[in-house]
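Structural description and commentary
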There are 2 protein chains.
Amino acid sequence: MNDLLGRVGDKWSALVIDALIEGGGVMRFTRIAEAVTGISQKMLTQTLRQMERDGLVMRTVHPVIPPHVDYKLTKMGLSLGKAFCGVWIWAGKHLEAIEKARRDFDARAGG
Amino acid sequence: MNDLLGRVGDKWSALVIDALIEGGGVMRFTRIAEAVTGISQKMLTQTLRQMERDGLVMRTVHPVIPPHVDYKLTKMGLSLGKAFCGVWIWAGKHLEAIEKARRDFDARAGG
DNA sequence: CTGAATCCACCTGGATACTG
DNA sequence: CAGTATCCAGGTGGATTCAG
């Protein structure tokens, strides 16, 4: 369980799931890379592999040239996305409060 | 936002919040260390500091000997715990499915 | 009891180059 | 396009020691 948290709670996984949901559930490698700002190609490959292994995404290779690979959220992946929803909303709602808390804390620490 | 995810989505933070909720909302350092299995003293201190800075916990030092320090979830911390709830539930519900998906994947990969 | 500080092995993750 | 492979800097986090 502990280990599972570290896995699904992974920052990149969450962002990839979000990207896939925003993108309609099916996206190609490069499109995901564009959607998830800041991710390196290596991390994306790694994250995607892991998510595939965990049954969160389905990887489909179309044997054409140039290669064409689709990533599709599975039911489980989608349900995880929904579970994350609460955290997304929380983050959006408390973003300012947290930044203020940090400033206050730093001010106290500095003074 | 991206950065916030990495912060609040941190594995230890989640576990500490969970421990605090289970423990009634107020706990001492050592009690948390016992509740959060596997965390080192350094990580606990670090996590707690960060959470204090983010306004998720309130740290109260009782000037006695031996020292007595209480950590209490703030409203914001509690609300984050509730936001996590969905993910906890999801994890519990899909734990087996994920393990099966992994076995299947590994079997395919191995064969 | 609660922490700070130090040392250090390990892993993460970015940059780059190469393949089919 | 979609990776794989390699190198490497930097951060993570455990163990240990010291202090109030």
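This text follows the structure it describes.
Summary of the structure given here. (Residues numbered from 1 in each chain as written. Chains lettered and ligands numbered in written order. Predicted model: local features only at pLDDT ≥ 70, side-chain atom pairs only at ≥ 80, totals over all residues. Heavy atoms only, no water.)

**Describing helix H2 (residues 11-22) of chain B**
All names here are of chain B. Here H2 spans 17 Å end to end across 12 residues, near enough to the 16 Å set by a 1.5 Å rise per residue. Of the residues making up H2, those classed as buried are Trp12, Ser13, Ala14, Leu15, Val16, Ile17, Ala19 and Leu20. Gly24 sits one or two residues past H2 and shows a positive phi near 100 degrees. (Helix = DSSP H or I, 4+ residues; strand = E, 2+ residues; numbered from the N terminus. Expected span 1.5 Å × (residues − 1). Buried < 20%, exposed > 50% of the residue type's maximum accessible area, 1.4 Å probe, protein only.)

**What about the sheet that holds strand S2 (residues 57-62) of chain B?**
Working definition: the strands of a sheet are paired by backbone hydrogen bonds and lie parallel or antiparallel to each other. All names here are of chain B. The 3 strands lie next to each other as S1-S3-S2, forming an open sheet whose pairing is antiparallel. With one partner strand each, in any of the chains shown, strand S1 (26-28) and S2 form the two edges of the open sheet. Across the sheet, the axes of successive neighbouring strands diverge by a mean angle of 25 degrees, strand direction being ignored. Bridging between S1 and strand S3 (residues 68-73) involves 3 bridges; their strand directions are antiparallel. Directly across from Arg28, in S3, lies its bridge partner Asp70. Packing of helix H4 (residues 41-53) onto the sheet brings it into contact with S2 and S3, and relative to S2 it is tilted by some 115 degrees. (Pairing = 2+ DSSP bridges. Axes fitted to C-alpha atoms, helices over the stretch in contact; angles between N-to-C directions. Contact = heavy atoms within 4.5 Å.)

**Observations concerning empty space enclosed by the protein**
Evaluation of the coordinates by the stated rule reveals 3 cavities of 30 Å³ or more. Of the volumes computed, that of the largest cavity is approximately 170 Å³. Taken together, 15 residues form the lining of the largest cavity, with Gly9, Phe84 and Val87 of chain A together with Gly9 and Phe84 of chain B sitting closest to its centre. If you list the elements that add at least two residues to the lining of the largest cavity, you get helix H5 (75-110) of chain A together with helix H1 (2-8), H2 and helix H5 (75-110) of chain B. Element by element, the count of residues in the lining of the largest cavity is highest for H5 of chain A, at 3 residues. Looking at the lining of the largest cavity, its residues break down into 10 nonpolar, 2 polar and 3 charged. Of the pockets and cavities examined, the second largest cavity occupies roughly 40 Å³. (1 Å grid on protein atoms, 1.4 Å probe; cavity = no way out; pocket = protein on both sides within 12 Å on 5 of 7 lines; lining within 4 Å. Points joined across faces, edges and corners; volume = space filled by probe spheres on them. Nonpolar A, V, L, I, M, F, W, Y, C, P; charged D, E, K, R; others polar.)

**Some remarks on the protein's contact with DNA strand C**
Looking at DNA strand C, there are 17 residues lining it, with Lys42 of chain A together with Thr30, Gln41, Arg59 and Tyr71 of chain B nearest. The sugar-phosphate share of atoms of DNA strand C within 4 Å of the protein amounts to 59%. Here Gln41 of chain B contributes a side-chain N or O atom positioned 2.5 Å from a base nitrogen of DNA strand C. For DNA strand C, a phosphate oxygen lies 2.8 Å from a polar atom in the side chain of Arg49 of chain B. Its residues placed into classes, the surface near DNA strand C shows 8 nonpolar, 4 polar and 5 charged. (Near = heavy atom within 4 Å. Polar contact = N/O pair within 3.5 Å; in protein donor to acceptor, adjacent residues only side chain to side chain.)

**Quick notes on the environment of Leu56 of chain B**
Along the chain, Leu56 of chain B falls in the loop between H4 and S2. Judged by relative accessible area, which is 3%, Leu56 of chain B ranks as buried. Along the backbone, Leu56 of chain B and Met76 of chain B are 20 residues apart, and their C-alpha atoms lie at a distance of 5.6 Å. Setting aside residues no more than four positions away along its own chain, Leu56 of chain B makes contact with Trp90 of chain A together with Met51, Lys72, Leu73, Thr74, Met76, Gly77 and Leu80 of chain B.

**Some thoughts on the relation of the copies chain B and chain A**
The two copies are related by a screw motion: chain B maps onto chain A through a turn of 180 degrees and a shift of 0.0 Å along the axis, at an RMSD of 0.1 Å. On this basis, the relationship between the two copies can be described by a two-fold rotation axis. Across chain B, the rotation axis passes nearest the C-alpha of Gly9 of chain B, at a separation of 2.9 Å. Both copies contact each other with a shared surface, as 100% of the interface residues of chain B are interface residues in chain A too. (Least-squares fit on C-alpha atoms with pLDDT ≥ 70 in both.)

**As for the packing of H5 of chain A against H5 of chain B**
For the pair H5 of chain A and H5 of chain B, interaxial distance at closest approach is 10 Å and the crossing angle is 165 degrees. In this view, H5 of chain A runs roughly antiparallel relative to H5 of chain B, as classed from their interaxial angle. Crossing of H5 of chain A over H5 of chain B shows left-handed handedness. Touching Met76, Ser79, Leu80, Ala83, Phe84, Gly86, Val87, Trp90, His94, Ala97 and Ile98 of chain A of H5 of chain A are Met76, Ser79, Leu80, Ala83, Phe84, Gly86, Val87, Trp90, His94, Ala97 and Ile98 of chain B, all from H5 of chain B. Counted by class, the contact of H5 of chain A with H5 of chain B contains 16 nonpolar, 6 polar and no charged residues. (Parallel < 35°, antiparallel > 145°, perpendicular 65-115°, else oblique. Left-handed = near helix turned anticlockwise from the far one by under 90°.)

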